[in-house]
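# Examining the three-dimensional arrangement
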Amino acid sequence: MSKERKLRRQAREEAARKAVAAEERRAARRLARRAAWRRLSLYELRKRSAGRLSSRRTAAERAGVAIVVTLALFVIWTLVPSTALALALTLLLALTLPVFVLVAFDRRSS
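Our subject in this report is the structure included herewith.

Parameters at a glance
- Residues numbered from 1 in each chain as written.
- Predicted model: local features only at pLDDT ≥ 70, side-chain atom pairs only at ≥ 80, totals over all residues.
- Heavy atoms only, no water.
- Helix = DSSP H or I, 4+ residues; strand = E, 2+ residues; numbered from the N terminus.
- Buried < 20%, exposed > 50% of the residue type's maximum accessible area, 1.4 Å probe, protein only.
- Polar contact = N/O pair within 3.5 Å; in protein donor to acceptor, adjacent residues only side chain to side chain.
- Expected span 1.5 Å × (residues − 1).
- Arc of directions from axis to C-beta.
- Contact = heavy atoms within 4.5 Å.

### Quick word on the environment of Thr-78
Counting through the fold element by element, Thr-78 comes out in helix H3 (residues 59-79). Among the residues examined, Thr-78 registers a relative accessible area of 46% and is labelled partly exposed. Polar side-chain contacts of Thr-78 include one of 2.7 Å to the backbone oxygen of Phe-74. From its side chain, Thr-78 meets the backbone oxygen of Val-75 in a polar contact 3.4 Å long.

This is the structure in structure tokens:
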């Protein structure tokens, strides 16, 4: 009787070892897939951080700013006769844009 129990216990332990090893292999594959996906999908670049300038703006606000800037550049480069003046106005737009965005989208109470 004890030999039979010993054999059954060994079989159970072997099955448990195989199950643990299989789960470890599955977990390793899962982690490898997750790491590969993060590398392929540029996950780190998509994560928002507090250091980015646009992280406080919604997608609609950023799109609105991009459209307004594009329209302003189009108007500058089509209506201004001098290339030097158009370049100066473009530089002025680039330098003053953060101020206008801050004034337009400031969420603090006034």
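Read on, since the account is not over.
### Things to note about H3
Under the 1.5 Å per step criterion, the end-to-end length of H3 is 30 Å for 21 residues, consistent within 8% with the ideal 30 Å. Buried within H3 are the following residues: Glu-61, Val-65, Val-69 and Ile-76. One side of H3 holds all its buried residues, which, seen down the axis, span an arc of 65°. Exposed residues pointing more than 90 degrees away from the buried face of H3 are listed as Ala-59, Ala-60, Ile-67, Thr-70, Leu-71, Phe-74 and Leu-79. For H3, the elements touching its buried residues are helix H4 (83-105).

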